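Analysis of the macromolecular model
What follows is the residue order along each chain.
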Amino acid sequence: MKENIVITVSRKYGCGGRELANILAEKLNLKLYDRQIVHIAAAKLGIDDLNEQDLLELENTVHPLTMAFMPFRSFGIRMGESSRGMFLSEATAVRKLANSGSCVILGRCADYILDDMPNVFSIFVTADDEYREKRGKEVYGGKTLKELDIEDGKRARYYNYYTGQQWGKPSNYDLVVNAGTASLDEIADAIIKYINALQK
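Conventions we followed
Residues numbered from 1 in each chain as written. Predicted model: local features only at pLDDT ≥ 70, side-chain atom pairs only at ≥ 80, totals over all residues. Heavy atoms only, no water. Helix = DSSP H or I, 4+ residues; strand = E, 2+ residues; numbered from the N terminus. Buried < 20%, exposed > 50% of the residue type's maximum accessible area, 1.4 Å probe, protein only. Contact = heavy atoms within 4.5 Å. Lys, Arg positive; Asp, Glu negative; His and termini not counted. Salt bridge = Lys/Arg side-chain N within 4 Å of Asp/Glu carboxyl O. Phe/Tyr/Trp six-rings, centres within 6.5 Å; stacked < 30°, edge-to-face > 60°. 1 Å grid on protein atoms, 1.4 Å probe; cavity = no way out; pocket = protein on both sides within 12 Å on 5 of 7 lines; lining within 4 Å. Points joined across faces, edges and corners; volume = space filled by probe spheres on them. Nonpolar A, V, L, I, M, F, W, Y, C, P; charged D, E, K, R; others polar. Pairing = 2+ DSSP bridges. Axes fitted to C-alpha atoms, helices over the stretch in contact; angles between N-to-C directions.

Helices and strands together make up the secondary structure of the protein chain, namely eight helices and five strands. Sequence-ordered secondary structure for the protein chain, helices as α and strands as β, is β-α-β-α-α-α-β-α-β-α-α-β-α. A buried classification covers 48% of the 200 residues belonging to the protein chain. In the protein chain, 71% of the contacts between residues at least 6 apart in sequence involve partners at least 24 apart.

Here we take up the side chain of R155. Mapped onto the fold, R155 is located in helix α7 (residues 145-163). Of the buried charged residues, R155 lacks a salt bridge, with E151 as the closest side chain of opposite charge at 4.1 Å.

In this section: the packing of aromatic side chains. On inspection of all chains with the given rule, the structure shows five aromatic pairs. Judged by centre distance (4.8 Å) and plane angle (75°), the rings of Y161 and Y162 are edge-to-face. Of the aromatic side chains, those joined through ring pairs into one cluster are F124, W167 and Y173.

Right, let's talk about the layout of surface pockets for a bit. Volume-wise, the second largest pocket comes out at about 150 Å³. Taken together, D111, Y112, L114, D115, M117, V120, F121, S122, Q165, N172, Y173 and D174 make up the full set of residues lining the second largest pocket. Contributing elements (two or more residues each) for the lining of the second largest pocket: α5 (110-113) and β4 (120-126). Classifying every residue of the lining of the second largest pocket by side-chain character gives six nonpolar, three polar and three charged.

Taken in spatial order, the five strands of this open sheet run β2-β3-β1-β4-β5, and their pairing is parallel. The two strands at the open ends of the sheet, each matched to only one other strand, are β2 (31-33) and β5 (175-178). The mean angle between the axes of side-by-side strands here comes to 20°, regardless of whether they run parallel or antiparallel. Note: strand β1 (residues 6-11) against β4, six bridges, orientation parallel. Each residue of the ladder has a partner; that of I7, found in β4, is F121. Along the sheet, helix α1 (residues 17-28) makes contact with β1, β2, β3 (103-106), β4 and β5, crossing β1 at roughly 165°.

Let us look at the pattern of salt bridges. Under the defined criterion, the tally for this structure stands at nine salt bridges. A salt bridge links R135 to E19, with the shortest nitrogen-to-oxygen separation between them at 2.2 Å. You can see R135 sitting in helix α6 (residues 129-138) and its partner E19 sitting in helix α1, a full 116 residues away along the chain. Taking relative accessible area as the criterion, E19 reaches 32% and is therefore assigned partly exposed. Across the pair R132 and D152 runs a salt bridge, and its minimum N-O distance is 3.0 Å. Taken together, the positions of R132 in helix α6 and D152 in helix α7 put the pair 20 residues apart, joining distant regions of the chain. A relative accessible area of 5% places D152 in the buried class. In this structure, a network of salt bridges that share partners links the residues D129, R132, D149 and D152.

The values are spatial; any link to function lies outside them.
Structure below.
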């Protein structure tokens, strides 16, 4: 594989996308970035008193009917900052991390943010409802398919709002994989083979 490769992984909830990203990072000996990006963005905005749940809520606050900034009123910190500001800060962090060396980036709209950069390969991980429902029970703490779909709805609204594109639309990604068709290890090997073929 060529130097300075970035793999972005987006995924439907319950498909094992996080695990797949971990496997890819391990196989390729790359750094994996996910929630760290949120903390980097928060630090850039001067937010240091939010817990994980507060940051997640802030990130998922999307008002598609208005472009007005959403103040951090509910978190009791200074006015004027917004979920949009959080997204822009995350985008800056994503680009800096991608420019600093090869890595795997999970979520964070990275496929869109890095679309203009060379050697960036975007993957979307999906699976049928039966597979997701089974994993919801066994791997995701007993979550129901309905709960998984609610989380997907949040991801879709966030992605669609900030990118102007449709979350999960195959043409937005270099490769869409069905996690229910093989083991995640085998899928990771296939992704690596695919990227190697594209680089030749």
